[in-house]
Amino acid sequence: MTVRPNPLRSPERVEDAALLTGRAQFMDDLPEPGNCLHLAILRASEAHALITALDTAAARALPGVVAVLTGADVAALTRPLMVGVRLPMECWPIAQDRVRYVGEPVVLVVARSRYIAEDALAVIDVHYDKLPAVVAPRDALGGATVLHDSVGSNLVSERSYRYGDPEAAFAEAAHRVEISVSYPRNAVTPIECYGLIAAYDPFEQAFDVTANFQGPFSIHSVIARALQVPGNRLRLRTPPASGGSYGVKQGIFPYIVLASVAARVAGAPVKWVEDRLEHLTASVSATNRETTLAAAVDAHGRVTALDWDQLEDVGAYIRAPEPATLYRMHGNMCGAYDIQNLSIRNRVVVTNKTPTGLVRGFGGPQVYFALERLMQRIAATLDLDPLDVIARNLIPADAFPYRTASGALYDSGDYQQALEIGRRDAGLAELLDRRKAAQAEGRLYGVGYAVVVEPSVSNMGYVSTVLTREERAKSGPKNGAQATATIALDPLGSVSVHVASAPQGQGHRTVLAGVVGEVLGLPAEAVQVRTDLDTGKDAWSIASGNYSSRFAAAVAGTGKLAATRMRVRLAAIAAPLLGVSPDEVQFADGMVSAKGAKPIPFARLAATSHWAPGTVPDGAEQALRETVYWTPPQLEAPDEADRVNSSLCHGFIFDFCGVEIDRLTGALRIDRYVTVHDCGRILHQGMVDGQIRGGYANAIGAALYEEYAYNSGGAFLTGTFADYLVPTVAEVPAPEIHHLETPSPFTPLGAKGVGEGNCMSTPVCLANAASDALGAGILTLPMTPARLRAVFTDDEAAAPEGMKPAAATSGRGLSGAGEVEIDAPRQTVWNTLLDPETLERIVPGCHAVKKITDTHFRADVTLGVGPVKGRYTVDVKLSDLVEPQCATLSGGARGALGSGEGAGRVMLEETPGGGTRMRYDYEAQVGGKVAAVGGRMLDGAAKVVIGQFFRALASQTGGGPAKSGLFDWLMFWRRS
């Protein structure tokens, strides 16, 4: 059935009043405990290097600093974090003797304020001995430097799977169609970054941590193990509200370990709130994956087998829960298609990049980008309509529940009906006519399609598929997806609900109040819902948390089960009062009634077990509190053939869109986007549509803008929103949303997940449309204007006059040139260049200059670029001296926030009036946190600083005053 917007299915959200008035309690809104200290983290400026020296004396001596902890200090009090596969890899939350990615924690500083802690970071001196960086996943397979000597290889996991008879299917197929695609690293950027408060009780030897951690709470065991305490000595709490997560807040757990150790050493609670630079550089990103996918296809476009080869890059460590990104979709590798022959090769490598973790879509975008691009390639190869190829391969409507080749049990669906809704109700024919007209005018216009199965409610056992059958037998079975909910009645007969799920925008309070109220016959506003979680007193399990789109299907459904059990108890108490049997008792409109009896107010009945427990009939239970633990039987451990039902519920999405690509700029414009969803029973249509729009907006970022960029040396280049481009409302045209409901038979409410689907479908749908417009295959994302333009033109604009191409470096490349007139003889200017006292006065931000030799100087300077400011030791050497005509200046800078090296040439020419014209040019590269700031900002700041130096030199030698600071800043912003 097609579902139209219905205001009765979208009651006003309970959460919105507090959120919109700024009164919701997020992590940083919670009151700080007495004597609370603050944590700051010194992070690695190199992608791969040995730590050869570490001097923290100056930081320890700074007033207000309470503790300074190195990797050795942390290691003395903890164990390594658990690794996702069986490997002799030590995964510490802080670097020990080697750093393996830019942003890896190196030193912790605990101080009376965050300001003092940050100042202390600036005076810590770290020396690195650089090692070759491994950035590309295929390079990690070759003879690249090994990141973990104890492992002996950068290939940390490899497994192959075979289902059906794929070899025979390929041998008999009329066509073999193959595609190789690359899915980049990207993430999501919640408004609220990581935040926590950690405390240690030395008497109980216990930790108490409040953090905006989202789950899964299986990580509780990882944290407790790392802190070397039993689980009951780690109390983990969440705040009532969270400013978004989309998966990434799972990645806070290493910092929970670090802050807990800091609190133990400092002897006081410790607070840490992550800043945006830290978050982009070193929190969590999705995996980047390279995939080769082949299909055996008959003459009519029917696919009979798939052959997957997936190479997964998890960053510097295979940190729990990885390699979950690779295996979450294991049961769904044929997508929405009826294909029973399947082979899969999975390889996981480590590289010098940030470790990966949960990100919205969690493995789905990587799978469907390959699968749905392949389906379009099949259509092009056989000269068929892409939608016809999709339709003839879909799972039939009468096949549900449907078992996939790799073990997933699809609960319900009618995929053909969803396509029909798209054709009939969403105007597909009109969009195709629009394409025909645009192409007739010579415009680059294309239409794309995508169909995806959206899994939700993950089976805890799916990650164990990475283990062999023998390894699984040794470790014991793992399976299920337990959810918990508690219904409590107070002495006034009021109803409270508590679930072990931390909300990040899903409307827990609104939905649960409606579900429980419906069961108990109460208005939603009569039900109070608590959304914070405390492992010290609340009901929870390791599957608890808010991930894999499990709220509506599992958590809200468990709330219904708990409310139903409470209703059964109340009915048994009410039955003698009403003179009927319990099954005749009705709950509606705040009253408890039966035919022919006087109704009882619900509040009065609900208070009975508090005020008059002796009146509860024999055989009936007290109605005070009901906790339900629910796990569906369909989620079993992987079988001996490596088949696994990796998720409980399986929604369906059919998307199509029209896009136009500008012939001049290469920019892609979304002309129209339609998405048809089947998420089972819709509990709140407004929030379902909101989840769809949110996933769609995330996906536009992944498709067109967002990419975690590293250069060949491992320097991270997208550490601010100047370079990591996130779409705004102006770049996100509203999608047209249509619904189909096929309720799940496996969940208490018939609901399925809906929060991640468009993250899976939209990137490939847009790529298919762009490929249709260009007549060429899009094989990687994001589809930036430069990448798209390169597909349809070989023209390359000439560089502006005077601009030199940047040299290939291992950092972010900078270059520039300039000149200045000086009213002084060349020899005077030359002598000034070699005078340390003069240099101390004219170097921007300089504290001191020391002359090491006649041509080697060392300066102590403070420099800032945008949000990054730090203290650096700068070494400058002069060479190729031709007195007093020219010299080469080369050197490097190092500090807590990064490093740099470069060279420049200075030329002194006599002017007719006896003065000097100084010309200069330079090339440099920077790494670390400095390299992560916006490229234009960094380049502009470099020009300003270097220009200031030479103008100050001119002023010092008689060339007149330097230009005004206002002019410098105007020039800076013009270049930025």
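Since the structure is predicted, the reported quantities are computational estimates derived from the model, not experimental observations. (Residues numbered from 1 in each chain as written. Predicted model: local features only at pLDDT ≥ 70, side-chain atom pairs only at ≥ 80, totals over all residues. Heavy atoms only, no water.)

Asks: Explain the overall build of the protein chain here, please?
Replies: A count of helical and extended segments in the protein chain gives 27 helices and 36 strands. Over its C-alpha trace the protein chain gives a radius of gyration of 31 Å, about what one expects of a compact globule, namely 30 Å for 976 residues. Judged by the C-alpha coordinates and their principal axes, the protein chain covers about 115 × 75 × 55 Å. Here the protein chain holds 976 residues, and the buried ones make up 57% of them. Here the contacts in the protein chain between residues at least 6 apart in sequence split such that 77% fall between residues at least 24 apart. Per element, the accessible surface of the protein chain, about 37,300 Å² overall, is 52% carbon and sulfur. (Helix = DSSP H or I, 4+ residues; strand = E, 2+ residues; numbered from the N terminus. Rg over C-alpha atoms; globule rule 2.2 N^0.38 Å. Buried < 20%, exposed > 50% of the residue type's maximum accessible area, 1.4 Å probe, protein only. Contact = heavy atoms within 4.5 Å. Areas by Shrake-Rupley, 256 points an atom, 1.4 Å probe, with all protein chains shown as cover.)

Asks: It is not clear to me how the sheet that holds strand E13 (residues 288–297) should be interpreted in this structure. Could you clarify?
Replies: Strand pairing in a sheet relies on backbone hydrogen bonds. The paired strands run either parallel or antiparallel. Pairing is mixed in the open sheet, where 5 strands are placed in the order E7-E15-E14-E13-E8. Each of the sheet's edge strands pairs with one partner strand only, and the pair in question is strand E7 (155–163) and strand E8 (175–183). Averaged over all pairs of adjacent strands, the angle between strand axes in this sheet comes to 10°, irrespective of strand direction. With 8 bridges joining them, E7 and strand E15 (residues 342–349) adopt antiparallel strand pairing. In the sheet register, Arg-162 faces E15, and the bridge partner there is Ser-343. Each of E8, E13 and strand E14 (303–313) is contacted by helix H11 (residues 364–382), which is oriented at about 140° to E8, the strand it contacts most. (Pairing = 2+ DSSP bridges. Axes fitted to C-alpha atoms, helices over the stretch in contact; angles between N-to-C directions.)

Asks: Teacher, can you tell me more about the environment of Ala-259 here?
Replies: Note on placement: Ala-259 falls in helix H8 (residues 253–266). For the pair Ala-259 and Ala-199, spaced 60 residues apart in sequence, the C-alpha separation works out to 8.4 Å. Not counting the four nearest positions on each side in its chain, Ala-259 is found in contact with Leu-39, Leu-196, Ala-198 and Val-270.

Asks: Got a minute to help me understand the pattern of salt bridges in this structure?
Replies: Pairing of side chains with opposite charge becomes possible as their charged atoms draw close. Taken as a whole, this structure holds 53 salt bridges when the rule is applied. Between Asp-208 and Arg-237 there is a salt bridge, with the nearest N and O atoms lying 2.5 Å from each other. Remark: Arg-237 occurs in strand E11 (residues 234–238) and Asp-208 occurs in strand E10 (residues 206–211); sequence separation between them is 29 residues. The partner of Arg-917 in a salt bridge is Glu-909, with the nearest N and O atoms 3.6 Å apart. (Salt bridge = Lys/Arg side-chain N within 4 Å of Asp/Glu carboxyl O.)

Asks: How should I be thinking about unusual backbone geometry in this particular structure?
Replies: Working note: non-glycine residues mostly have negative phi, and peptide bonds are mostly trans. Across the junction of Ala-320 and Pro-321, the peptide omega takes the value 10°, indicating a cis bond. Tracing the sequence through the fold places Pro-321 in the loop between E14 and helix H10 (324–327). In this chain, Glu-322 is followed by Pro-323 through a cis amide linkage whose omega measures 10°. Along the chain, the position of Pro-323 falls in the loop between E14 and H10. A positive phi is found at Ser-548, a non-glycine position, where the angle reads about 50°. For Ser-548, a relative accessible area of 9% corresponds to the buried category.

Asks: Any chance you could explain the packing of aromatic side chains here in plain terms?
Replies: Two measures describe an aromatic ring pair: the distance that separates the ring centres and the angle between the ring planes. A full pass over the atoms with the stated rule returns 16 aromatic pairs. On the numbers, 5.9 Å between centres and 70° between planes, the contact of Tyr-183 with Phe-369 is edge-to-face. Of this pair, Tyr-183 sits in strand E8 while Phe-369 sits in helix H11, placing them 186 residues apart in sequence. Both rings, one in Phe-654 and one in Phe-656, keep their centres 5.7 Å apart while their planes meet at 45°; by these two values the pair is tilted. Three or more aromatic residues joined by ring pairs form one cluster here, namely Tyr-708, Tyr-710, Phe-716 and Tyr-724. (Phe/Tyr/Trp six-rings, centres within 6.5 Å; stacked < 30°, edge-to-face > 60°.)

Asks: Please clarify how the sheet that holds strand E18 (residues 444–458) should be interpreted in this entry.
Replies: Read from one edge to the other, the open sheet built from 4 strands follows the order E18-E27-E28-E29, with strand pairing classed as mixed. What marks the edges here is a single partner per strand, and that holds for E18 and strand E29 (736–740). Taking each pair of neighbouring strands and ignoring which way they run, the sheet shows an average axis angle of 20°. Of the pairings in the sheet, the one linking strand E27 (residues 647–661) to strand E28 (residues 668–678) comprises 10 bridges and is antiparallel in character. Its bridge partner being in E28, Val-659 is matched across the sheet by Ile-670.

Asks: When you look at the side chain of His-330 in this model, what are you seeing that I'm missing?
Replies: Take His-330: it is sitting in the loop between H10 and E15. There is a polar contact of 2.9 Å between the side chain of His-330 and the side chain of Tyr-163. When neighbours within four sequence positions are excluded, His-330 is seen to be in contact with Tyr-161, Tyr-163, Ile-344, Asn-346, Ser-406, Thr-465, Asp-642, Val-644 and Ser-646. (Polar contact = N/O pair within 3.5 Å; in protein donor to acceptor, adjacent residues only side chain to side chain.)

Asks: Just checking my understanding: could you explain the environment of Ile-94 for this structure?
Replies: Tracing the backbone shows Ile-94 in the loop between helix H3 (71–75) and strand E4 (98–99). Ignoring anything within four residues of it in the chain, the contact list for Ile-94 reads Leu-69, Thr-70, Gly-71, Val-74, Glu-104, Pro-105, Val-106, Val-107, Leu-108 and Leu-258.

Asks: For this particular structure, what's the right way to read the environment of Asn-35?
Replies: By the secondary structure assignment, Asn-35 is in the loop between helix H1 (16–20) and strand E1 (37–43). For the pair Asn-35 and Glu-621, spaced 586 residues apart in the sequence, the C-alpha separation amounts to 47 Å. Sequence-distant contacts of Asn-35, that is, excluding residues within four places in its chain, are made with Arg-112, Ala-268 and Pro-269. Only 3.4 Å separates the side chain of Asn-35 from the side chain of Arg-112, close enough to count as a polar contact.

Asks: Would you mind going over the packing of helix H20 (residues 685–705) against helix H21 (residues 757–774) with me for this structure?
Replies: Working note: a packed helix pair is described by the angle between its axes plus the distance between those axes. One can describe the packing of H20 onto H21 by two numbers: an axis separation of 8 Å at closest approach and a directional angle of 45°. On the basis of their axis angle, the class for H20 and H21 is oblique. Read as a crossing pair, H20 and H21 show a hand that is right-handed. Facing H20, whose interface residues are Ile-692, Gly-695, Tyr-696, Asn-698, Ala-699, Ile-700 and Ala-703, H21 presents Asn-758, Cys-759, Thr-762, Pro-763 and Leu-766. Across the contact of H20 with H21, the residue classes break down as 8 nonpolar, 4 polar and no charged. (Parallel < 35°, antiparallel > 145°, perpendicular 65-115°, else oblique. Left-handed = near helix turned anticlockwise from the far one by under 90°. Nonpolar A, V, L, I, M, F, W, Y, C, P; charged D, E, K, R; others polar.)

Asks: How should the nonpolar core be read in this particular structure?
Replies: A general tendency of soluble globular proteins is for nonpolar side chains to be buried together. In this structure, Leu-306, Trp-308, Ile-378 and Met-783 are the most contacted members of the largest nonpolar core, which totals 165 residues. Counting residues in hydrophobic clusters, the runner-up holds 55 residues, among them Val-527, Val-529, Phe-602 and Ala-751. (Core = buried A, V, L, I, M, F, W, Y, C linked by side-chain atoms within 4.5 Å.)

Asks: Looking at this model, I keep getting lost on the pairing of E13. Mind explaining?
Replies: Every other side chain in a regular strand lies on the same face of the sheet, so the side chains alternate between the two faces. Taking burial as the measure, the 10 residues of E13 include 9 buried ones, the bulk of the element. Taken together, the 9 bridges between E8 and E13 define a ladder with antiparallel strand orientation. Within E13, the residue paired with Arg-176 across the bridge is Ala-296. With 10 bridges joining them, E13 and E14 adopt antiparallel strand pairing. Within E14, the position partnered with Ala-295 by the bridge is Leu-306. Connecting the antiparallel pair E13 and E14 is a turn made up of 5 residues, with Gly-301 showing a positive phi of about 90°.

Asks: Would you explain the side chain of Asp-313 in this entry?
Replies: Mapped onto the fold, Asp-313 is located in strand E14. Overall, the relative accessible area of 0% leaves Asp-313 in the buried class. Among the polar contacts made by the side chain of Asp-313, one reaches the main-chain amide nitrogen of Gly-315 at a distance of 2.9 Å. Among all residues touching Asp-313, those that are not within four sequence positions of it are Val-135, Pro-137, Arg-185, Thr-287, Asn-288, Val-349, Thr-351, Lys-353 and Thr-356.

Asks: Even after reading the chapter, I still don't get helix H23 (residues 826–833), so can you show me in this structure?
Replies: Side chains of residues three or four places apart in an α-helix project in the same direction, reflecting 3.6 residues per turn. Regarding H23, the residues found buried are Arg-826, Val-829, Trp-830, Thr-832 and Leu-833. Across the axial projection of H23, the buried residues extend over an arc of 160°, all falling on one side. (Arc of directions from axis to C-beta.)

Asks: Explain the packing of helix H16 (residues 508–520) against helix H17 (residues 551–578) here, please?
Replies: The geometry of H16 relative to H17 is characterised by a closest axis approach of 9 Å and an angle of 35° between their N-to-C directions. The interaxial crossing formed by H16 with H17 has right-handed handedness. Residues His-508, Val-511, Leu-512, Val-515, Val-516, Val-519 and Leu-520 of H16 form the contact with H17, whose own contacting residues are Phe-551, Val-555, Ala-556, Gly-559, Lys-560, Ala-563, Thr-564 and Arg-567. Tallied by class, residues from the contact of H16 with H17 come to 10 nonpolar, 3 polar and 2 charged.

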